[in-house]
Amino acid sequence: MSLFLFLVLVALVLGIIGFAAHGLFWLLIIGAAVLLADLVYAAMRFRRGGRKHRIAR
């Protein structure tokens, strides 16, 4: 879960910098790509997360 939140934060920062700075539109595109990849990762993780996990003692 922390990887998901970290990638969302990275995408947000890249998007803001890419939107605010002139000539750095490519950072906005990279931020959008990171966000899309993060959402796909989260969807795959939550889809297979329905199985019960045994707790090792």
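See the structure printed just above.
What you are looking at is a predicted structure, and each value in this text was computed from that prediction instead of being measured.

Scoring rules and cut-offs
Residues numbered from 1 in each chain as written. Predicted model: local features only at pLDDT ≥ 70, side-chain atom pairs only at ≥ 80, totals over all residues. Heavy atoms only, no water. Helix = DSSP H or I, 4+ residues; strand = E, 2+ residues; numbered from the N terminus. Areas by Shrake-Rupley, 256 points an atom, 1.4 Å probe, with all protein chains shown as cover. Patch = residues over 30% accessible without salt bridge, like charges linked within 9 Å, V, L, I, M, F, W, Y side chains within 5 Å. Salt bridge = Lys/Arg side-chain N within 4 Å of Asp/Glu carboxyl O. Buried < 20%, exposed > 50% of the residue type's maximum accessible area, 1.4 Å probe, protein only. Contact = heavy atoms within 4.5 Å. Axes fitted to C-alpha atoms, helices over the stretch in contact; angles between N-to-C directions. Parallel < 35°, antiparallel > 145°, perpendicular 65-115°, else oblique. Left-handed = near helix turned anticlockwise from the far one by under 90°. Nonpolar A, V, L, I, M, F, W, Y, C, P; charged D, E, K, R; others polar. Expected span 1.5 Å × (residues − 1).

Draft legend 1. Local environment of the overall build of the protein chain. Check the secondary structure of the protein chain and you find 2 helices and 0 strands. Accessible surface for the protein chain amounts to roughly 5,100 Å². Of this, 74% is attributable to carbon and sulfur atoms.

Draft legend 2. How the structure looks around a nonpolar patch on the surface. Where nonpolar side chains cluster on the molecular surface, the patch consists of L9, L12, V13, I16 and I17 and spans about 450 Å² of accessible area. Following the sequence through the fold, I16 ends up in helix α1 (residues 2-20).

Draft legend 3. Geometry of the environment of L7. Counting through the fold element by element, L7 comes out in helix α1. Under the relative-accessibility criterion, L7 is labelled partly exposed at 24%. Counting along the chain gives 32 residues from L7 to L39, while the straight-line C-alpha distance between them is 9.4 Å. The contact partners of L7, leaving out residues within four places of it in the chain, are V34 and D38.

Draft legend 4. Quick peek at the packing of α1 against helix α2 (residues 25-47). Look at α1 against α2: their axes get within 7 Å of each other, and the N-to-C directions meet at 160°. One finds that α1 runs roughly antiparallel with respect to α2. Relative to α2, the crossing made by α1 is left-handed. Of the residues in α2, those in contact with L3, F4, L7, V8, A11, L14, G15, I17, G18 and F19 of α1 are F25, L27, L28, I30, G31, V34, L35, D38, L39, Y41 and A42. Looking at the contact of α1 with α2 residue by residue, the classes come out as 17 nonpolar, 3 polar and 1 charged.

Draft legend 5. Seen up close, α1. If you check α1, its first and last C-alpha atoms are 27 Å apart, about what 19 residues at 1.5 Å a residue would give, namely 27 Å. Taken together, the buried residues of α1 touch α2.

Draft legend 6. Spatial organisation of α2. The end-to-end C-alpha distance of α2 is 33 Å, a good match for the 33 Å that 23 residues give at a rise of 1.5 Å each. Burial in α2 covers these residues: L27, G31, D38 and A42. The secondary structure elements touched by the buried residues of α2 are α1.

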